[in-house]
Amino acid sequence: MSDENAPEQKVKFYQKGTYTVGNRLVNVRQRSVQASMDRSNSLTCGHRACQGCGEALGARYAIDAAMRATNNQLIAINATGCLEVFTTPYPETSWQIPWMHSLFGNAAAVAAGVAAAMRVKGLKQVRTIAQGGDGGTMDIGFGCLSGMFERNDDVLYICYDNEAYMNTGVQRSSATPVAARTATTPAMGANPGNSFNSGKNLPLIAMAHNIPYVATASVAALHDLEAKVTRAMSLHGARYLHIHVPCPLGWGSAPHDTIQVARLAIKSGLFPLIEAEHGMVTATVPIRQPVPVTDYLKLQKRFAHLLRGGEENARKLAAIQTIADNNIKRFNLVRKEAPRV
Amino acid sequence: MYKPFAITLDVGSSLVNHTGSWRTERPVFVHRLPPCNAACPAGENIQGWLYHAEEGNYHLAWQEIMKENPLPAIMGRCCYHSCERACNRTRLDETVGIHAVERFLGDQAIQHGWSVTKAPPAHCGKVLIVGSGPAGLSAAYHLLRLGHEVEIREAAAKPGGLLRYGIPRYRLPRKVLDAEIDRIIQMGAVLRLSTPVTDLLEVIREGNFQATFVALGAQKSRWVDLPNDGSIPISDAIQMLRSLEDEIAPSRLQGKRVAVYGGGNVAVDAARSAIRLGAAEVTILYRRSREKMPAHSFEVKEAVEEAVQLKCLRTVEGIQQGQLVLEERVLTDGNEPLPTGRREFMAADLLILALGQEVDTDCCLAELPEINLLAGNLQVDATMMTGRDGLYAGGDMVPSERNITVAVGHGKLAARHIDARLRGTTYTPPATAKPATFERLNTWYFADAPSTHQPVLSLIRRQSGFEEVLGDLDESNALFEARRCLSCGNCFECDNCYGACPDNAIAKLGPGRGFAIKYDYCKGCGLCIAECPCGAIEAVPEEI
Amino acid sequence: MLKQMEGSRAVAEAVGLCRPEVICAYPISPQTHIVEGLSELVKEGRIDNCEFINVESEFAALSVAIGSSAAGARSYTATASQGLLYMAEAVYNASGLGLPIVMTIGNRALGAPINIWNDHSDAMSMRDSGWIQLFAESNQEAVDLHIQAFRLAEEISCPVMVNMDGFILTHAYERIDMPRQEQVDAFLPPFEPIQMLDPARPVSIGAMVGPEVYAEVRYLAHYKHLQALERIPVIAEEFQARFGRASGGLIRPYRTEGAELIVLALGSVNGAIKDVVDQMRADGHKVGSITVCSFRPFPLDALRQLLQGVRRIVVVEKNLSLGIGGILANNVRMSLRGLEQPVFTVIAGLGGRPITMHGLQECFTKALAGTLEELHFLDLDWEIIRRELHHARSERRSGPVAENMLKLRLQGRSDV
């Protein structure tokens, strides 16, 4: 019953393995790319990412899905960062696709160049992806990214957001959440951790460019992630995918908790899963089993100082809960509807 | 293509970098014992057969059941499914309807005439089985599969023992009972009906039997002596249920007020049967609280739906002038019922005693010196053998919980030991795996949903006859229900480990072949373990 | 075909003749007219099959070119001054990756103080970037060098920077002999990259290289420059054969026969120098000059051959390496290692200061007489400097000199 030609099977959301990577009980087409034996493993064994690296996982998820969506006609450009360093130290590379690393802040521009070359060469089928961490995307690469968006270059830019500069040893980036400890926002003094700043929501900034597609995704929601990559690759022009990828080292979470932490970010409302086309939100993923933000925070040592009690900490936790609540309100995340994850 | 030195690299070259050396713990695939399997007195591999059933592979699923239990259609109906009480899914939403799927599979087998092949008759022995109840049938079946000759002697006119004479047909249609017994007989068992065994040793000698399994059940009702002026007739529940096999005219208790004394399943069966026989009022009298009733709560619930009344915390003290004299009891803090001395009278036309059963001490074993039937305890050892060499016993005769599933388990266990004995070996049961507890599951991957209830016949039909109360599951329902299994402690090939490994260090081997961990690359992060929905992967410390 | 046209426009047309596939544009004076011209050529369809991309910074301009070049497209951009500094990281990256991008620099001074006029500070800031750096003496040479640059870059997989003096060349209208398309096509074959991003033959480009082989990688990059030393004269010769005029090459000597004094310079100032040489020769002085066309790679051997035995050597250069002097002069000294000739440096034309023939001749005359300082600043107003140093000593302030002078003026200080 599981062969390619079997009729589409209605997935019931309460059966065995509804949310699993694969499921031998449903049609092959309904399983994730990651479930297939012939997935491209764009990022293969032997890379030097830390144990339980969310970025390594997210990159394979996204690129394998893009490979499937483009019939393996894919070129990837990589910003400097963990992903680049742990995959391509001479003399070994873990990539199995055409891939290039140029600089920290120019991945979007380099990819725009690749896309231009493909256009001029008439190789329409060859698609271009740029990828980087939150630092390379939201900070140093922001100018190039915005330019690529505004020109509507035919590039899917994927940001693997692990919320700090991990490659250099966990320094604060504009994606670092409030109160989080990093090496440059130490958990010391009267206001430990990152300041309660106003933050920078890159998916919303991307939407403000009115580009064809913007989405957020998580390593804890594989089917959703793959659907978004597939949708992105079905469109042309500038597209942006922001993937939440926990970093056990930088967040002080257990390597085996990487997916659980990402899942709690979704369930708490701190990381909303949304989709937008041409600047308009087209879909959001409702939260299944909502949890308070403390469930998410307590698995991570970077927030340990917040959970030591006291009035001030209670006020800060309430402020973080408000961030989550506002996300939930803004995107209507708690509603009666079976989620697609 | 020329590649600039060092800056440009051949794809996939990192395979030479064996990151497995980073590991301090290695993930290992395990098989843990699911709570359903652990709870099944018949030793069924429930998770195992559900695995096949959920693929729609019903024949394979049925064959998996038949490795342990020859009576799935019967069990699916009459077993009190301790598996379902143990089911981890109850912690998530509701238990998987294991019995319903089992029954569906059993019915499929009957419908399609699936049969079990008997093993070739090498090392064949000859075994006498006394009693054709569930224990005897189970022993016969397993011995046949192991290649032995079997002769069953049954005192009654029809085979089945308690299955036929203790379970009302609204719970177990006789065509189902007959079909499953017939399948065993078709395997080559010799069945002698209406043949009570009196001199056991003589029968063994004559038939040249190399081993004997006796399973006569506990057929004698317990009785109480009540001050009785004879104004209300007293019957016992066993007798009543037995009589139903021959006479099911609905008018037998027409208009009568029936009181059933006792709180067990037999009491409930008797009460519900009385409703079906046309009784005007049926009341169960029980000396403890309703919560303490030994009968299964779903049966009590169904009985109440059928208009059976419950009077709990009452004892019957006597019969006077067409009335039962009841004494009210109260619960103490320790939940013990204490007599209050308060009397209450209740009009009745019939009192049915359902106070439990005992082993009949006046049977073929009574004369054997090695055997003590007194005190209701026929002692057997771990191999189900009595004090007499070569004589085995099981079912309700021996001390244990008395139900048909336990009896089936006894028959199977005895058969395996008898087989070993006849082959001159010993049978060692396989080592029990560690339990697959709920805490080991990652239940995120299963969402909440109610179990599919078996469609129930309308109350009116149930009340007016002996049609089967619990309807059949159609295939889509059975498939659906099977797929609710969480596969506790055993891989169900969801690909989570394969997908969740950041190091691509798990190889998928293909359908039915599971996965292999590429230890050359596995860094031991434990994500596969954490994300395994069924807790089928464990961390084992590495040794240097 | 002869045309009277602006240097920038001429370069735009020459680049167009090279059939670029991706052009990245970001405005900065004095380069802007080049990309404006190219945008017109692309819009008009006069450059076939070309992507013209308006980017958001010079850093992006070169980054886009890095991507398009790595994907196998002939790629071009242009910049100047601050723009070159802003793209510095990508400049090194492009050469490190061996991408044959051609980039025009409309040479301009660097701020602060901000200054849009010509000198060579910008190019000199990237002298160690691994790019080949060619300097055009005239607009005709600028046109010709671009055609040669693509050929060279793609032959050895190394990016080439064509330098032309800002305003002096970029904005000057001159008569240009513009090559025909078929001439250029015959000279410049289609781009065949030695490696590229290709799904059919995937590779990982841009690996991290550690101490174990980084030095070897750098040597191999250096080796490309050694190759270029051989290829540049060959390409120039072939160019001459096909197009009928001498352009490019490593160096171009002018009246150096029997010279006692040889003057060296980069770029357009060589025109003035040659005129001075002619005058001084006419006056009986044994003077000659050498136009250094290829600054990187630096033609050590070619220069040494010409300069051995020459008594006096003067380097006129439009840059100042603060704390040491002229950069070209130091390179020339390198070519004379072991020999005893003095090399005089004349720092001239900084920030667009006009270089007069009179001033040059004065210097050369002093050099012949042995009275020129080793580091001479042409036409420097020593009076301003003396005053400013005096103030600086008496009132210690921070901030740029020019600003302070202005401040003092506003305060009504009569001595300023």
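Everything quoted here is computed from the prediction, not taken from an experiment.

## Observations concerning the sheet that holds strand 13 (residues 323–331) of chain B
Residues and elements named next belong to chain B.
Now for step 1: One open sheet accounts for three strands, arranged 12-13-14; its pairing is antiparallel. In the strand order of this sheet, the two ends are held by strand 12 (314–320) and strand 14 (337–347), each with one partner. Each neighbouring strand pair of the sheet contributes to a mean axis angle of 25°, computed without reference to strand direction.
Now for step 2: As paired elements, strand 13 and strand 14 share eight bridges and run antiparallel to each other. Looking across to strand 14, one finds that Val-325 is bridged to Phe-345.

## A few points about unusual backbone geometry
Now for step 1: Cis geometry is adopted by the peptide bond preceding Pro113(C), which originates at Ala112(C) and carries an omega value of -5°.
Now for step 2: For Pro113(C), the location among the structural elements is in the loop between strand 5 (102–107) and helix 6 (121–125).
Now for step 3: A cis amide bond links Arg296(C) with the next residue in sequence, Pro297(C), at an omega value of 0°.
Now for step 4: Looking at where Pro297(C) falls in the secondary structure, it is placed in the loop between strand 13 (294–296) and helix 11 (300–307).
Now for step 5: For His81(B), which is not a glycine, the phi torsion comes out positive at approximately 30°.
Now for step 6: With respect to the helices and strands, His81(B) occurs in the loop between helix 4 (72–78) and helix 5 (82–86).
Now for step 7: Assessed through its relative accessible area of 11%, His81(B) is described here as buried.

## Topic: the interface of chain A and chain B
Now for step 1: Contact residues are listed per partner, giving 56 residues for chain A and 57 residues for chain B.
Now for step 2: Carbon and sulfur atoms supply 55% of the area buried between chain A and chain B, which totals about 4700 Å² over both sides.
Now for step 3: Counting across the interface, chain A meets chain B through three salt bridges.
Now for step 4: Ionic pairing is found between Glu531(B) and Arg263(A), a salt bridge with its closest N-O pair at 2.4 Å.
Now for step 5: Run the count over chain A and chain B and you get 30 residue pairs in polar contact (both at pLDDT 80 or more).
Now for step 6: Mapped by element, the contributors of at least two residues to the side of chain A that touches chain B are helix 1 (54–69) and helix 9 (258–268) of chain A.
Now for step 7: The dominant element in the side of chain A that touches chain B, judged by the number of residues it contributes, is helix 9 of chain A, at five residues.
Now for step 8: Residue classes in the side of chain A that touches chain B are distributed as 23 nonpolar, 23 polar and ten charged.

Cut-off values and rules
Residues numbered from 1 in each chain as written. Chains lettered and ligands numbered in written order. Predicted model: local features only at pLDDT ≥ 70, side-chain atom pairs only at ≥ 80, totals over all residues. Heavy atoms only, no water. Pairing = 2+ DSSP bridges. Helix = DSSP H or I, 4+ residues; strand = E, 2+ residues; numbered from the N terminus. Axes fitted to C-alpha atoms, helices over the stretch in contact; angles between N-to-C directions. Buried < 20%, exposed > 50% of the residue type's maximum accessible area, 1.4 Å probe, protein only. Contact = heavy atoms within 4.5 Å. Buried area = accessible area lost by both parts, 1.4 Å probe. Salt bridge = Lys/Arg side-chain N within 4 Å of Asp/Glu carboxyl O. Polar contact = N/O pair within 3.5 Å; in protein donor to acceptor, adjacent residues only side chain to side chain. Nonpolar A, V, L, I, M, F, W, Y, C, P; charged D, E, K, R; others polar.

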